[in-house]
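Listed here are the chains, written in short residue letters.
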Amino acid sequence: MRRNLIRFGLAGVLAAGLLGTAAIVVRPEAPIPVATTDTRPPADVLAQRITRAQQQLRAVPGDWPGWASLGAAYLEQARITADPGLYPKAEEAALRSLRLRPDGNSDGLVVLGALANARHDFGAARDRAREALTVNDHDAGAYGVLADALTQLGDAAGATEAVQRMLDLRPGLAAYARASYDLELRGRVTEAESLMRQALDNAVDPHDVAFCQAQLGDLAFGRGDLATAEAAYAAALAADPSAFGAQHGMARIGAVRGDLSGYGRLVARMPATSTLLEYATLLRVADRQAEADQQIELAAAAEGLFAANGGADGLAAAELALAQGRPEEAVTAARAEWQRRQHPDVADMLAWSLHTAGRDAEALPYARRALAGGSRAAGHAYHLGMIELGLGQPEAARASLARALDTNPYFSPVDGPLARRALAGLRTSGGNR
């Protein structure tokens, strides 16, 4: 669910905030009210900022901080539009900044680090962040890039330390958003929501307000509170009608209610790999196989575009292979990703790929690893339960499947009913003693 936060979210928010190119660094006197009736699009502050930066750089081409800021702005635009085609522009701007000022230029290094995170090259992002910190060890932006990279690489303690350092140096939207995600991964959802509300209090730009509201919606959806989630997504769309995260959230709520039209509109506007595959799964269950196949073909094309712009996402590759009925290829992709990084989502994907390939004994340690850090992801608990069921461990399976449904009974229109049927079967066979 929050994987999109990584590809399209935190990297851009961090880079923009740290370089001072977004209006998120000054805490307002009171929470910014969110409009609920005016659905007109907000003024595109970011586009205006990019235009001004381009004009400034034409007049002063040697402005190395300006080139770094322009790179950060392109990265932020990529986050908002989910368009990886903007990555080369961000890279070129950051590299030009570094060519103009090779030494003492932490701004340029931070943008390159954030770009590496967006491309899922987390090792490179970590290295760029540490390089920036050798230039300026009080660079909050570098700590943000480092926190994102270490989170994805599976260094939870290192990530928390980097987030704390960022909070100490520059408390604000970017720091609170990272701290919220850090707590969510540890299962401390209430505290995660509190920090995300603090991030919202710091948001001024409509895109940032929408980002925070969408994250609050995701947190509410994750604990099965559809009403609160829907209200948060609506508030996000009131701030920014084009907000991808909020549109995705609304589409998921619609799917829970049997309405797939939201997904149709979402993928038509922004054909991201993960959402195309989610839509394909829902269409398949609805017995709309031809349309499902079309979405899978589009997902393959979207992943190709991401790779063509320097990205590499083993999770998406594994997910795509599963959708195409190639579980062994999914295992290969997920295992390669696991060798690069030990994030709970990667452990879960490797476990599910192994399960789908009929290798439950190999899958079990990874399924347990996905939940070992305290994550309360219902989908991860469901996968563990089905693997335990496959291994003939009814008591463990019952506990895991019940945990999934207790956490969020709406976690998946596809897997939720399967979890209920499996639990009913365990009760019939006496497996719930």
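These figures come from a predicted structure and were not determined experimentally.

Q: Which parts of the structure should I look at to understand the packing of helix α11 (residues 206-222) against helix α12 (residues 226-239)?
A: A pair of packed helices is characterised by two quantities: the angle between their axes and the separation of those axes. Axis separation between α11 and α12 bottoms out at 8 Å; the angle between their running directions is 170°. Relative to α12, the element α11 is oriented roughly antiparallel. Across from Pro-206, Val-209, Ala-210, Gln-213, Ala-214, Leu-216, Gly-217, Asp-218, Ala-220 and Phe-221 in α11, the residues of α12 making contact are Leu-226, Thr-228, Ala-229, Ala-232, Tyr-233, Ala-235, Ala-236 and Ala-239. The residue makeup of the contact of α11 with α12, split by class, is 14 nonpolar, three polar and one charged.

Q: Could you clarify how one ought to interpret the packing of helix α19 (residues 344-356) against helix α20 (residues 360-372) in this entry?
A: Axis separation between α19 and α20 bottoms out at 8 Å; the angle between their running directions is 160°. In this view, α19 runs roughly antiparallel relative to α20, as classed from their interaxial angle. As α19 runs across α20, the sense of the crossing is left-handed. In this structure, α19 contributes Pro-344, Ala-347, Asp-348, Leu-350, Ala-351, Leu-354 and His-355 to the contact, and α20 contributes Asp-360, Glu-362, Ala-363, Tyr-366, Ala-367, Arg-369 and Ala-370. The residue inventory of the contact of α19 with α20, partitioned by class, reads nine nonpolar, one polar and four charged.

Q: I keep staring at unusual backbone geometry and nothing clicks. Help me out?
A: Note on backbone geometry: most residues besides glycine have negative phi, and most peptide bonds are trans. Despite not being glycine, His-120 shows a phi value in the positive range, around 70°. Mapped onto the fold, His-120 is located in the loop between α5 (106-118) and α6 (122-135). Of the residues examined, His-120 reaches a relative accessible area of 10% and is grouped as buried. Even without glycine at this site, Asp-287 takes up a positive phi of about 65°. Secondary-structure assignment places Asp-287 in the loop between α15 (273-285) and α16 (289-308). Residue Asp-287 is classed as exposed on the basis of its relative accessible area, which comes to 68%.

Q: Please explain the pattern of salt bridges as it appears in this structure.
A: For side chains of opposite charge, pairing can occur when their charged atoms come near one another. Enumeration according to the criterion identifies 20 salt bridges in this entry. For the salt bridge of Arg-119 with Glu-91, the shortest nitrogen-to-oxygen distance reads 3.3 Å. With a gap of 28 residues between them, Arg-119 in the loop between α5 and α6 and Glu-91 in helix α4 (residues 87-100) connect regions that are remote in the sequence. The salt bridge partner of Arg-126 is Asp-127, with a shortest N-O separation of 3.1 Å. Here the residues in one salt-bridge network are Glu-328, Arg-335, Arg-359 and Glu-362, joined through shared partners.

Q: How should the packing of aromatic side chains be read in this particular structure?
A: A ring pair, where both rings are aromatic, is described by two values, the distance of the centres and the angle of the planes. In total, this model carries four aromatic pairs according to the counting rule given. Residues Tyr-263 and Tyr-279 carry aromatic rings whose centres are separated by 6.0 Å and whose planes lie at 10° to one another, so their mutual orientation is stacked. Taken together, the positions of Tyr-263 in helix α14 (residues 261-269) and Tyr-279 in helix α15 put the pair 16 residues apart, joining distant regions of the chain. Of the two residues, Tyr-263 and Tyr-279, both sit in the buried class. A ring pair is formed by Tyr-382 and Phe-411, whose centres lie 5.7 Å apart and whose planes are at 45°; its orientation type is tilted. Of this pair, Tyr-382 sits in helix α21 (residues 378-390) while Phe-411 sits in the loop between α22 (394-407) and α23 (415-428), and the two are 29 residues apart along the sequence. Like Phe-411, Tyr-382 is buried.

Q: What should I look at first to understand the environment of Ala-399 in this one?
A: Of note, Ala-399 is situated in helix α22. Take Ala-399: its relative accessible area is 38%, and that puts it in the partly exposed class. Through-space distance from the C-alpha of Ala-399 to that of Gly-385 is 7.5 Å; in sequence the pair is 14 residues apart.

Q: For this particular structure, what's the right way to read the side chain of Asp-348?
A: Here Asp-348 lies in helix α19. Overall, Asp-348 belongs to the buried group, its relative accessible area being 10%. Other than its neighbours up to four places away in sequence, Asp-348 contacts Tyr-366, Ala-370, Gly-379, His-380 and His-383.

Q: What is the right way to look at the nonpolar core in this model?
A: Grouped burial of nonpolar side chains is what soluble globular proteins tend to show. Formed by 76 residues in total, the largest nonpolar core has its most connected members in Leu-70, Leu-75, Tyr-87, Met-196 and Cys-212. The dominant element in this core, judged by the number of residues it contributes, is α11, at nine residues. In terms of nonpolar packing, the next biggest core, distinct from the first, is built from 37 residues, Trp-338, Leu-354, Ile-387 and Ala-422 among them.

Q: Hey, could you run me through helix α7 (residues 140-153) in this one?
A: Residue pairs spaced three or four apart in an α-helix point in one direction, given the helix's 3.6 residues per turn. Over its 14 residues, α7 extends 20 Å from the first C-alpha to the last, a length consistent with the 20 Å expected when each residue adds 1.5 Å. Burial analysis of α7 places 14 of its 14 residues in the buried class, which makes it a mostly covered element.

Q: Which parts of the structure should I look at to understand the confidence of the model for the protein chain?
A: For residues with low pLDDT, the predicted coordinates do not support detailed interpretation. Of the residues in the protein chain, 89% reach a pLDDT of 70 or more, and the chain-wide mean stands at 88. Low pLDDT, under 50, characterises residues 1-41; the stretch is placed with 122 contacts to residues that sit more than four places away or in other chains.

Q: Would you take a moment to explain the environment of Glu-395 for this structure?
A: Topologically, Glu-395 is positioned in helix α22. It is 8.5 Å that separates the C-alpha atoms of Glu-395 and Leu-426, two residues lying 31 residues apart in sequence.

Cut-off values and rules
Positions within a chain are numbered from 1, following the residues in the order the chain's sequence is written. Whole-chain, interface and lining totals are the exception, using all residues; otherwise, since this is a predicted model, local features are given only for residues with pLDDT of at least 70 and side-chain atom pairs are given and counted only at 80 or more. As a rule here, side-chain values come from all non-hydrogen atoms in the structure, and water together with hydrogens is ignored. As a rule, the C-alpha atoms of each element are fitted with a line to give its axis, helices using only the stretch in contact, and angles between N-to-C directions run from 0 to 180 degrees. Numbering of helices and strands starts at the N terminus; helices are DSSP runs of H or I of at least 4 residues and strands are runs of E of at least 2. Any angle that falls under 35 degrees is termed roughly parallel, while one over 145 is termed roughly antiparallel, one within 65 to 115 roughly perpendicular, and all others oblique. Every residue pair with non-hydrogen atoms within 4.5 Å of one another is taken to be in contact. For this scheme, ten residues count as nonpolar: Ala, Val, Leu, Ile, Met, Phe, Trp, Tyr, Cys and Pro. Four count as charged, namely Asp, Glu, Lys and Arg, and the remainder, Gly too, count as polar. In this scheme the handedness of a crossing depends on how the near helix is turned from the far one: anticlockwise by less than a right angle means left-handed, clockwise means right-handed. Think of it in three bands: with a 1.4 Å probe and only protein chains considered, a residue is buried below 20% of the maximum accessible area for its type, exposed above 50%, and partly exposed in between. One speaks of a salt bridge when a side-chain nitrogen belonging to Lys or Arg is within 4 Å of a carboxyl oxygen belonging to Asp or Glu. The pairing test for Phe, Tyr and Trp rings, Trp by its six-membered ring, is centres within 6.5 Å, and the orientation test on the planes gives stacked under 30 degrees, edge-to-face over 60, and tilted for anything in between. Think of a nonpolar core as a cluster: buried Ala, Val, Leu, Ile, Met, Phe, Trp, Tyr and Cys residues, connected wherever their side-chain atoms sit within 4.5 Å. In this scheme, a helix's expected span is set at 1.5 Å multiplied by one less than its residue total. Confidence scores labelled pLDDT are given residue by residue by the predictor and lie between 0 and 100.

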